[in-house]
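Below are the chains, spelled out letter by letter.
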Amino acid sequence: YLFLFLCFIIISCMSYAPQINYAINTFTGFCSESIPDVVCGTLVPFMFIYRISLIMAGFNLIMLLLLCRVPSTESNRAQFHSAFWLQKLALLALLGLGAYFVPHGIFEVGWYYIGLTGSFFMLLLQMVFIIDLTYALNDFMEENQKGLQSLACFSMNKLATIVMYCTSTLMAVFLYIVFRRPDECKMNFVLITVNVILCVIASLVSVLSKEHNKCHLQTSAVTAYTIYLTYIASSYEDEECSSSGIFRIKSDQIASGQSLCNVVLLFALLIYACLRKNRPFYLHFKNLVVFRGGENQLPHDKGTATTKEIENKEEERQNSFSYSYSFIYFVFLLASLHVMMCLTNYYSLKFDGDSLELSTNWGALYMKTFESTLVILLYIWMLLAPIIYPSEDITNVLLLLKTLTKFIFNSLFKMLFSAWPFGNQSSSARFVYTFFFLVGTLTSCVMYLPPMRVTLESNPYFCNRISKLGNCLSMDPAYLAVHRICLAMTAFFLLFTLILFSV
């Protein structure tokens, strides 16, 4: 399956070669007659990659449904996973024939957003695989810290951590230099700053917490991955911002080097995820895993345990972390969509009547921006979860997400519905309402300051008659502002008067 996926990547990349591009363009019906040859030549790689991705995604979806809820133990349906290769090749051929006859237009638009969703989840899975890989490296180095190898393994671990942190720092400086904008919105600056601060927080938690004294390599790797996603989000668009604060984005050339790096990273992580050994302390999705089955680590006390005890423990581990066929196809399904988005650089095909054109997509920009921050936030929670919920298993990704949801809802309930946590409830409530009243009063006073008056006069809502000298001929805008602030305060206290009437 890794070999099939590699063939899918190579065939997709070959569509950008001029000879292959011309050959595809000559296929009858692949490009509409209403589309000029020059435009069609530009769009051929996109339409071809979309259809190749449809073939791979459809194949993995069919296999997922065939092997859904099939255990790793031998069964009739389990043979579909490791046999019937001629039938699978025939299925791929049929899917390819069907993809060829898919009409242009609506398919490209709809499949783009399906690919965008799959790419979002695949980027999160990549973070899980990166953390899992660093766990494996830590484990390997700890196992070899004996005798003369101890110093070498310890040095390798620290050197890798330092290299990762130095790389992250250099990349952050690079982002500040390259993506610094002279406009008024400064969205890239805000994104980079927020993600850098979160990376620093994650590093401090892993350093200061005794629970995570062996997580330095993982933290450095996730930090580098977060900065890398920040770079992808910032480089996706050439952002400009007008004086009125309205955004607009412009298309740029295909970033082939960056796209290939994304694909190579994904394929390397897939190789690790599919071929590594089965060890219970690695990350897993409840009882679903992608790695090889039947290779659980034997108990360390096998010299004193009986053969029957060893077999029972081995069977127990095998049942708790079963080799999930359907989950493998689900991962390959998401990977197929992610490769499609990477090789097309997240550009969308707009269908306008009979014409197609490339354009940047706001949905992709929002997804990339949100993803880069979400990755480091989830990792920070992974560091904090054992402290807040010490009895929970943090190696279970689904349980980790469950504890995060529980923590968020509990926090929101306490913030929105619980009483003031400090001191007497009655006194603290009166203090808060007095604070609200003072803030409203001070805000009303600020409206009379000269700079604020000038700002209000430039707003047509507060001043609709302006003289040739720029003076406001309407009612004093500061009076209007104060009237509205006091109206808001009055309505607020009146509302609570009615809510708490006769209480």
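Residues numbered from 1 in each chain as written. Predicted model: local features only at pLDDT ≥ 70, side-chain atom pairs only at ≥ 80, totals over all residues. Heavy atoms only, no water.

Thoughts on the overall build of the chain
A count of helical and extended segments in the chain gives 17 helices and six strands. The buried share of the chain, taken over its 503 residues, is 43%. Here the contacts in the chain between residues at least 6 apart in sequence split such that 73% fall between residues at least 24 apart. As displayed, the chain has an accessible area near 28,300 Å², and 70% of this comes from carbon and sulfur atoms. (Helix = DSSP H or I, 4+ residues; strand = E, 2+ residues; numbered from the N terminus. Buried < 20%, exposed > 50% of the residue type's maximum accessible area, 1.4 Å probe, protein only. Contact = heavy atoms within 4.5 Å. Areas by Shrake-Rupley, 256 points an atom, 1.4 Å probe, with all protein chains shown as cover.)

With respect to the packing of aromatic side chains
Here the structure, examined in full by the defined rule, presents 20 aromatic pairs. Each ring, one from Tyr-112 and one from Tyr-113, has its centre 5.3 Å from the other, and the planes form 90 degrees; the classification is edge-to-face. Overall, the relative accessible area of 43% leaves Tyr-113 in the partly exposed class. Here the aromatic rings of Trp-381 and Phe-407 are separated by 5.0 Å at their centres, their planes lie at 35 degrees, and the arrangement is tilted. Taken together, the positions of Trp-381 in helix 13 (residues 362-388) and Phe-407 in helix 14 (residues 397-417) put the pair 26 residues apart, joining distant regions of the chain. Residue Phe-407 is classed as partly exposed on the basis of its relative accessible area of 32%. Members of the aromatic cluster, each reached through a chain of ring pairs, are Tyr-433, Phe-436, Phe-492, Phe-493 and Phe-496. (Phe/Tyr/Trp six-rings, centres within 6.5 Å; stacked < 30°, edge-to-face > 60°.)

With respect to the nonpolar core
Counting 98 residues, the largest nonpolar core has Phe-5, Leu-270 and Tyr-346 as the members making the most contacts within it. Ignoring sequence-local partners within four residues, the contact set of Phe-5 consists of Met-56, Leu-266, Phe-267, Leu-270, Phe-332, Ala-335, Ser-336 and Val-339. Core analysis: the next-biggest nonpolar cluster, separate from the first, contains eight residues, Met-447, Leu-480, Ala-481 and Val-482 among them. (Core = buried A, V, L, I, M, F, W, Y, C linked by side-chain atoms within 4.5 Å.)

What about the packing of helix 16 (residues 450-457) against helix 17 (residues 477-499)?
The interhelical angle for the contact between helix 16 and helix 17, taken along N-to-C directions, is 90 degrees, at an axis separation of 9 Å. Between helix 16 and helix 17, the interaxial angle falls into the category roughly perpendicular. Each of Arg-453, Leu-456 and Glu-457 in helix 16 lies in contact with helix 17, whose residues at this interface are Pro-477, Ala-478 and Ala-481. In terms of residue class, the contact of helix 16 with helix 17 is built from four nonpolar, no polar and two charged. (Axes fitted to C-alpha atoms, helices over the stretch in contact; angles between N-to-C directions. Parallel < 35°, antiparallel > 145°, perpendicular 65-115°, else oblique. Nonpolar A, V, L, I, M, F, W, Y, C, P; charged D, E, K, R; others polar.)

A few points about unusual backbone geometry
Backbone geometry places Tyr-346, a non-glycine residue, at a positive phi of 65 degrees. Topologically, Tyr-346 is positioned in the loop between helix 12 (325-343) and strand 5 (348-352). We note that Ser-502 has phi near 65 degrees; this positive angle belongs to a residue other than glycine.

Notes on the environment of Leu-91
Turning to its location among the elements, Leu-91 is positioned in helix 5 (residues 85-100). Residue classification places Leu-91 among the partly exposed residues on the basis of a relative accessible area of 21%. Each C-alpha atom, one on Leu-91 and one on Ile-55, is 9.4 Å from the other, the two residues being 36 residues apart in sequence. Every residue in contact with Leu-91, bar those within four places of it in the chain, is listed here: Phe-59 and Ile-62.

Thoughts on helix 5
Taking 1.5 Å of rise per residue, 16 residues should cover 22 Å, and helix 5 covers 23 Å from first to last C-alpha, within 8% of that figure. Regarding helix 5, the residues found buried are Lys-88, Leu-92 and Ala-99. The buried residues of helix 5 occupy an angular sector of 45 degrees when projected down its axis, which confines them to one face. Of the residues in helix 5, the exposed ones pointing more than 90 degrees away from the buried face are Leu-86, Ala-93, Leu-94 and Leu-97. (Expected span 1.5 Å × (residues − 1). Arc of directions from axis to C-beta.)

Some thoughts on a nonpolar patch on the surface
The grouping of Ile-387, Ile-388, Phe-407, Ile-408, Leu-412, Phe-413, Met-415, Leu-416 and Phe-417 at the surface amounts to a nonpolar patch, some 940 Å² of accessible area in total. At the level of elements, helix 13 and helix 14 are the ones that each hand at least two residues to the nonpolar patch. Here the nonpolar patch takes seven residues from helix 14, the largest share from any one element. (Patch = residues over 30% accessible without salt bridge, like charges linked within 9 Å, V, L, I, M, F, W, Y side chains within 5 Å. Salt bridge = Lys/Arg side-chain N within 4 Å of Asp/Glu carboxyl O.)

Remarks on the environment of Met-341
Summarising the element assignment, Met-341 is placed in helix 12. By relative accessible area, which is 0% here, Met-341 ends up buried. Residues Met-341 and Val-263, 78 residues apart in the sequence, show an inter-C-alpha distance of 9.9 Å. In this structure Met-341 touches Tyr-112, Gly-115, Leu-116, Ser-119 and Tyr-346, once residues within four positions along its chain are discounted.

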